[in-house]
Amino acid sequence: MRIAVVGAGYVGLVSGVCFSDFGHEVVCIDSDPDKILQLRQGVVPIYEPGLEDLLARNLASGRLTFTTDMAQAVDEAEAVFIAVGTPTRRGDGHADLSYVMAAAADIGRALTGYAVVVTKSTVPVGTNRKVAAVLREANPQASFDMVSNPEFLREGAAIDDFMRPDRVVIGTETERARKVMAELYRPLSLREFPVVYTGLESAEMIKYASNAFLATKITFINEIAALCERVGADVKAVAKGMGMDGRIGSKFLHAGPGYGGSCFPKDTRALARSGQDHAVPMQIVETVIKVNEEVKRRMFLKIEDLLDGRLRDRTIAVLGLTFKPNTDDMREAPSLTLVPALVGAGAKVRVCDPQGQREGEALLPGVKWCDSAYQAVQGADLVVILTEWNEFRALDLARLAKRMAVPQMADLRNIYDPDEVRAAGFVRYAGVGR
Ligand code: UDX
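Remember, predicted model here, so these are calculated numbers, not experimental data. (Residues numbered from 1 in each chain as written. Predicted model: local features only at pLDDT ≥ 70, side-chain atom pairs only at ≥ 80, totals over all residues.)

**Some remarks on the nonpolar core**
A general trend in soluble globular proteins is that nonpolar side chains are found buried together.
Here's step 1: Of all hydrophobic cores here, the largest spans 129 residues; its most connected members are Ala4, Val6, Val80, Val117, Leu319, Val383 and Val384.
Here's step 2: When near neighbours in sequence (up to four residues on either side) are disregarded, Val6 contacts Ile29, Met70, Val80, Phe81, Ile82, Ala83, Val84, Ala103 and Ile107. (Core = buried A, V, L, I, M, F, W, Y, C linked by C-beta atoms within 7 Å. Buried ≥ 20, exposed ≤ 12 C-beta atoms within 10 Å, placed from the backbone. Contact = placed C-beta atoms within 7 Å.)

Here you go:
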């Protein structure tokens, strides 16, 4: 099949490359000519494990191409995916749909024959109908069906999530569109990955409800963690015991410094706004948003506490700045709250992240960037583990302790065993919820 993907950002690029790997002919369209030139040469502008190899393979096969010319690419396609960004709109928390609507109008003008137009971007309930209206307005003769096909990719595991999904959600209203979508995803349904067909609004809602639920699950365990600290329980043991109940499940029960990233913060805010707009306040989600901010603030207090309330001129090494490992993404990372607060309190902050420096340098002024954890902790009064990159999971703790002025650790991802840390020479260890 011939597919056009509008928007070669994170979701568009991963989807385009993977569809092409399924054997479809894919053309990815982006308005940024530099990005298109890079992609044609096999250079991936983001950090995503496995993506560069898969891109190279499919470029070489000739099935995957890149262009800035929307008209031709769209006109020849049987399915046109909208995969442009939907950031939070300044001021009101709504999803900013201007890129989606602009893409819809361009697609409308480019269509001459029948195509399915598929929204992959995360859009609030009701948007797909508005997209269809914009398309029709741009081209009253256009022959198309609208499909909502939300994406559940996790950064750092996106290829695997696309190739081995828990489910594929397809919202359509016509049999014709359903057939096109079934054909597109045949390589997955043949391998018995479930494909769920719904209406447009349900598909849109599945995406928001799933992300809000996961954000709630994380926030729930973070709140339990705070109480664990006071009553002498260990949240790791608590989460393990809870997770064994099949109805609860063990995933997304890791207490930490609060969720971040490009999806959970934005999608919870957008769902809360939808609730307000329809006079059905999403009270749980609104509380989750608020509690997550408190969780992030609590990490600062924990550090202040470890340093006996005095941060001025103390040296703090922060390991990991991206919102999670295996990504260079700094969007809404807990580090963006914590590090400026430490710097603001007069601490000397040394930071280290395997991928975060390119984006992080502009976002975190006043810190010293280091190439390794061992360099970062030199002379420090405290080491903070903020993102659980693999290379921070197996540190030589004794070597770390020897380099520090005062060997103390705030392990905000609970990756170390407190006894092991103390045995290596650390005088104090604080995790989250233990
Ligand atoms: C998420 C969803 O998982 C994905 O389905 C959706 O399409 C996009 O949003 P992503 O943002 O890449 O993916 O990251 P994810 O791995 O879900 O983690 C989100 C945040 O929650 C991170 O900051 C992570 O550190 C945090 N988290 C996750 C926890 O604090 N504890 C957990 O148990 C799990």
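**Digging into the environment of Leu64**
Here's step 1: Here Leu64 is to be found in strand S3 (residues 64-67).
Here's step 2: For Leu64, a count of 25 C-beta atoms within 10 Å corresponds to the buried category.
Here's step 3: Along the chain, Leu64 and Val26 lie 38 residues apart, while their C-alpha atoms are 5.0 Å from each other.
Here's step 4: The residues touching Leu64, leaving out its near neighbours within four places in the chain, are Gly16, Val17, Ser20, Val26, Asn58 and Leu59. (Helix = DSSP H or I, 4+ residues; strand = E, 2+ residues; numbered from the N terminus.)

**A look at the sheet that holds strand S13 (residues 408-411)**
Here's step 1: One open sheet accounts for six strands, arranged S11-S10-S9-S12-S13-S14; its pairing is parallel. Of all strands in the sheet, those bounded by a partner on one side alone are strand S11 (368-369) and strand S14 (428-430).
Here's step 2: Here three bridges tie strand S12 (residues 382-385) to S13, and the two strands are oriented parallel to one another. Residue Val384 lies in a different strand from S13, and its bridge partner there is Ala410.
Here's step 3: Against the sheet, helix H13 (residues 283-306) contacts S12, S13 and S14, and its axis sits at roughly 165° relative to S13.
Here's step 4: Those strands touched by helix H14 (residues 335-344) are strand S9 (315-319) and strand S10 (348-352), and its axis lies near 150° from that of S10. (Pairing = 2+ DSSP bridges. Axes fitted to C-alpha atoms, helices over the stretch in contact; angles between N-to-C directions.)

**Describing the pairing of strand S1 (residues 2-6)**
Here's step 1: With four of five residues buried, S1 lies mostly within the body of the structure.
Here's step 2: As judged from the five bridges shared by S1 and strand S2 (residues 25-29), these two strands associate in the parallel manner. Across the sheet, the residue bridging to Val6 is Ile29, located in S2.
Here's step 3: Traced from S1 through helix H1 (residues 10-21) to S2, the parallel crossover comes out right-handed.
Here's step 4: Of the pairings in the sheet, the one linking S1 to strand S4 (residues 79-82) comprises four bridges and is parallel in character. From the neighbouring strand, Ile3 faces S4, where its bridge partner is Ala79. (Right-handed = clockwise from strand over helix to strand, strands pointing away.)

**Quick look at the pairing of S4**
Here's step 1: Because side chains alternate across S4, one face comprises the buried residues Ala79 and Phe81, and the other comprises Val80 and Ile82, equally buried.
Here's step 2: In the sheet, S4 pairs with strand S5 (residues 115-119) via four bridges, with the strands oriented parallel. Within the sheet, the bridge partner assigned to Val80 lies in S5 and is Val117.
Here's step 3: Between S4 and its parallel partner S5, the chain crosses via helix H5 (residues 98-110), and the hand of that crossover is right-handed.

**Some points on the confidence of the model for the protein chain**
Here's step 1: Per-chain confidence: the protein chain averages 96 in pLDDT, with 100% of residues scoring 70 or above.
Here's step 2: Note on the complex model: pTM 0.94, ipTM 0.95. (pLDDT = per-residue confidence, 0-100.)

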